[in-house]
Amino acid sequence: MTSRFDVVIIGSGAGGATLAQRLASTGKSILILERGEHLPREAENWSPRAVFIERRYRTKDHWYDKHGHPFIPNTHYWVGGNTTFYGAALMRMRKRDFEVVQHAGGVSPAWPITLDDLAPYYAEAETLWQVHGHRGDDPTEAGNEPPYAYPAVHHDPGVAALKGHWEMQGWKPFSLPLGVKLDQAHPVTSTCIKCKTCGGYPCLLRAKCDARTLAIEPIMGLPNVTLLTGRKVLRLETDATGKTITEVVCETAEGEERWSGDIVALAAGAAPTAVILLQSANAAHPNGLANGSDQVGRNYMFHNSTAMVSLTAAHQTVTFPKTLAVNDFYFGDPNGGYDFPMGHIQLLEYMSGQTLEGQIEDWLPPALVPDALSGAAAERMLSMLVISEDLPMPDNRVTVGPDGRVNLSYTFGNLEGHERLVKTLKASLDGFVDRAHPISQHHFQFDSLLPLYGTAHQCGTARFGTDPATSALDVNCKAHEVDNLYVVDTSFFCSANAINPTLTVVANALRIGDHLIERLGAKAPTAA
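Since this is a predicted model, take the numbers as computed values, not measurements.

Student: In this structure, what is going on with the overall build of the protein? I would like to understand it.
Tutor: The number of helices and strands found in the protein is ten helices and 22 strands. A buried classification covers 59% of the 528 residues belonging to the protein. Pairs at least 24 residues apart make up 73% of the contacts formed inside the protein by residues separated by at least 6 positions. Counting only carbon and sulfur atoms, one obtains 53% of the accessible surface of the protein, whose full area is about 20,400 Å².

Student: Hey, could you run me through the side chain of Thr-229 in this one?
Tutor: By the secondary structure assignment, Thr-229 is in the loop between strand E11 (225-228) and strand E12 (232-238). The class for Thr-229 is buried, based on a relative accessible area of 16%. Side-chain polar atoms of Thr-229 contact the side chain of Glu-37, separated by 2.7 Å.

Student: Would you mind showing me how to read the state of the cysteines here?
Tutor: Note on terminology: disulfide describes a covalent bond linking the sulfur atoms of two cysteines. Per the counting criterion, the structure on display carries zero disulfides. This cysteine, Cys-477, is not joined by any disulfide, and Cys-494 carries the nearest cysteine sulfur, 8.9 Å off. Among the residues examined, Cys-494 registers a relative accessible area of 4% and is labelled buried.

Student: Whenever I open this one, the packing of aromatic side chains confuses me. Can you help?
Tutor: Two aromatic rings, taken as a pair, are described by how far apart their centres are and by the angle between their planes. Summed over the entire model, instances satisfying the criterion amount to 21 aromatic pairs. Centre to centre, the rings of Tyr-300 and Phe-302 are 6.0 Å apart; their planes meet at 45°, and the pair counts as tilted. Put simply, the rings of Phe-98, Trp-111, Phe-464, Phe-492 and Phe-493 touch in pairs and so form one group of aromatic residues. Seen from the ring of Tyr-77, Arg-35 lies directly overhead, with NZ or CZ sitting 3.7 Å from the centre.

Student: How should the pattern of salt bridges be read in this particular structure?
Tutor: Charged atoms that come close allow side chains of opposite charge to pair. Under the definition given, this model contains 23 salt bridges. The shortest N-O distance in the salt bridge between Asp-262 and Arg-4 comes to 2.7 Å. Separated by 258 residues along the polypeptide, Asp-262 in strand E14 (residues 255-266) and Arg-4 in strand E1 (residues 4-10) bring together distant segments of the chain. Judged by relative accessible area, which is 34%, Asp-262 ranks as partly exposed. Among the residues examined, Arg-4 registers a relative accessible area of 42% and is labelled partly exposed.

Student: Mind showing me how you'd approach the sheet that holds strand E7 (residues 131-133) here?
Tutor: One key point about sheets: their strands pair by backbone hydrogen bonds, in either a parallel or an antiparallel sense. Strand order across the open sheet formed by three strands is E8-E7-E10, with mixed pairing between neighbours. Single-partner strands in this sheet number two, and they are strand E8 (150-151) and strand E10 (178-179).

Student: Please clarify how the environment of Pro-392 should be interpreted in this entry.
Tutor: Relative to the helices and strands, Pro-392 resides in the loop between strand E18 (381-388) and strand E19 (397-400). The exposure class of Pro-392 is buried, given its relative accessible area of 13%. C-alpha of Pro-392 to C-alpha of Ser-495: the two residues are 103 residues apart in sequence and 6.5 Å apart in space.

Student: Explain the nonpolar core here, please?
Tutor: A general tendency of soluble globular proteins is for nonpolar side chains to be buried together. Counting residues in hydrophobic clusters, the biggest one holds 120 residues, and the most contacted among them are Ile-30, Trp-111, Trp-129, Leu-236 and Leu-485. With eight residues, the top contributor of residues to this core is helix H10 (residues 502-519). If we ignore the near neighbours within four places in the chain, the residues touching Leu-236 are Ile-10, Ile-245, Glu-247, Val-248, Val-264, Leu-266, Ile-276, Ser-280, Leu-289 and Leu-485. Of all hydrophobic cores here, the second largest spans 21 residues; its members include Leu-162, Met-308, Met-342 and Val-386.

Student: Even after reading the chapter, I still don't get helix H4 (residues 157-168), so can you show me in this structure?
Tutor: Every α-helical turn comprises 3.6 residues, leaving residues that sit three or four positions apart pointing alike. Compared with the 16 Å implied by 1.5 Å per residue over twelve residues, the 17 Å span of H4 between its first and last C-alpha is a close match. Looking at the buried positions of H4, the neighbouring elements they touch are strand E16 (324-326), strand E17 (344-347), E18 and helix H9 (416-428). Count one or two residues on from H4 and you reach Gly-170, which has phi positive near 90°.

Student: Teacher, can you tell me more about the packing of helix H1 (residues 14-24) against H10 here?
Tutor: How two helices pack is summed up by the angle between their axes together with the distance between the axes. Running from N to C, H1 and H10 cross one another at 35°; their axes reach a closest spacing of 8 Å. The interaxial crossing formed by H1 with H10 has right-handed handedness. Contact with H1, carried on its side by Ala-14, Gly-15, Thr-18, Leu-19, Arg-22 and Leu-23, involves Thr-502, Val-505, Val-506, Ala-509, Leu-510, Ile-512, Gly-513, Asp-514, Leu-516 and Ile-517 of H10 and no other residues of that element. Class assignment for the residues of the contact of H1 with H10 results in ten nonpolar, four polar and two charged.

Student: Just checking my understanding: could you explain helix H6 (residues 270-279) for this structure?
Tutor: The element H6 is extensively covered by neighbouring structure, given that nine of its ten residues are classed as buried. For H6, the full list of buried residues reads Ala-270, Ala-271, Pro-272, Thr-273, Ala-274, Val-275, Ile-276, Leu-277 and Leu-278.

Student: What exactly am I supposed to notice about the packing of helix H3 (residues 115-128) against H10 here?
Tutor: Contact geometry of H3 with H10 gives a least axis separation of 8 Å together with a crossing angle of 115°. In terms of orientation, H3 lies roughly perpendicular with respect to H10. In terms of crossing hand, the pair formed by H3 and H10 is right-handed. Residues Leu-118, Tyr-121, Tyr-122, Glu-124, Ala-125, Glu-126 and Leu-128 of H3 form the contact with H10, whose own contacting residues are Leu-503, Thr-504, Val-506, Ala-507, Asn-508, Leu-510, Arg-511 and Asp-514. Taken together, the residues that form the contact of H3 with H10 break down as nine nonpolar, two polar and four charged.

Rules and cut-offs
- Residues numbered from 1 in each chain as written.
- Predicted model: local features only at pLDDT ≥ 70, side-chain atom pairs only at ≥ 80, totals over all residues.
- Heavy atoms only, no water.
- Helix = DSSP H or I, 4+ residues; strand = E, 2+ residues; numbered from the N terminus.
- Buried < 20%, exposed > 50% of the residue type's maximum accessible area, 1.4 Å probe, protein only.
- Contact = heavy atoms within 4.5 Å.
- Areas by Shrake-Rupley, 256 points an atom, 1.4 Å probe, with all protein chains shown as cover.
- Polar contact = N/O pair within 3.5 Å; in protein donor to acceptor, adjacent residues only side chain to side chain.
- Disulfide = S-S within 2.5 Å.
- Phe/Tyr/Trp six-rings, centres within 6.5 Å; stacked < 30°, edge-to-face > 60°.
- Lys NZ or Arg CZ within 6 Å of the ring centre and 35° of its normal.
- Salt bridge = Lys/Arg side-chain N within 4 Å of Asp/Glu carboxyl O.
- Pairing = 2+ DSSP bridges.
- Core = buried A, V, L, I, M, F, W, Y, C linked by side-chain atoms within 4.5 Å.
- Expected span 1.5 Å × (residues − 1).
- Axes fitted to C-alpha atoms, helices over the stretch in contact; angles between N-to-C directions.
- Left-handed = near helix turned anticlockwise from the far one by under 90°.
- Nonpolar A, V, L, I, M, F, W, Y, C, P; charged D, E, K, R; others polar.
- Parallel < 35°, antiparallel > 145°, perpendicular 65-115°, else oblique.

Structure representation (structure tokens):
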């Protein structure tokens, strides 16, 4: 096998896989380096105990917090990256998300591109990832978005009752856009069966629209695409000027390997991408590759998130609850009195008893929670997630110690709007009763700010911009200081907004793919 390719992509998650898929039809030689392996299809894929208690698929890596305490990040290194385990929520950023927005806790900076720049790629991404949704119900939509190609996922009875309850309070709940291979008109032959093991699990039926099934596997038979697993990239080496990457150095079970490409695209995840850049320091880049701005590793964000769990007096008629969302409070309280952004609410996936045990392990070891008790709780559970924007702070950062130890120094901030939304959600659940069975007449909730190990939605560690003094990447996500280096994972984000980031990563990777097709002088892919 040749060691040189036209394009080398590091990571096979949403960004790397989408970029590879975009470039594959050009005939250019593409190498994808993935540190993980192909996820095995096995019964444990759908086992709550294996996934949430034993954490069979989670990384065994240890990172260290600002106090030097080790923790295991909630991340997964497999072909397809974290999308194999995500909850399939796929939403667009809003027009104001691209602009300067004042929060109670500070300022969310503007992006160097606008919604108009990304809109056509959002539309393409929604079709490629088979997003099911309905336009016109979300009050934060611009109003000019094209209809979804796939209809919204129907609500289970308990969720429909909650929707009506919120509407009685003047709220405008909407169908959460989901990427699933669901044919509601033909349930017998539908790939997706709306099971209880979706978010957090790999899908045994391959019914979840993720990077491995929609982007990687369709291009694996092409002669110009090579995927190598078990390759953990350690550093990128440059020529003497520091302007061109000459080799990608990776670690394998058999020892060190070196690969080269005309273009190198990093898509390892916001923290790992920063680690690779920092470990690539050399004479031309003493503070880390592409880090003349000192922004690499800084501005780490991962959303302020609170899980709200409602336990009801009656059994829930819900098996697939993650179909409903609320954006009424996204940019402030519509009833007045609070003009700063508060955030987004969405229902969470079904939680089995063992899922619940895995989530509360840090407070109470699973061995002390009887299965019957946790199972009974799960039968009466309706769970929601409050997501609020985490603002970029330069001291919230990823660094690497001399021994290669990954350090994540992080302090929570911008919590005022988030806490108001949590209280608003709590209050909204009072008096929630199903017509036939009381859903929440005598409910109680327990909620907690997800701790540092909940590192999902991490972003911002190599942000893009027009000024090389304050950003690591240009508007095309090319490193300001390195001519052939691009970053296409969530590292490029300037702000975190308050929604799941996957659709934005996919749309941007399509945009960067088109830029690279032009740069490489390749033939643009023909629309189907």
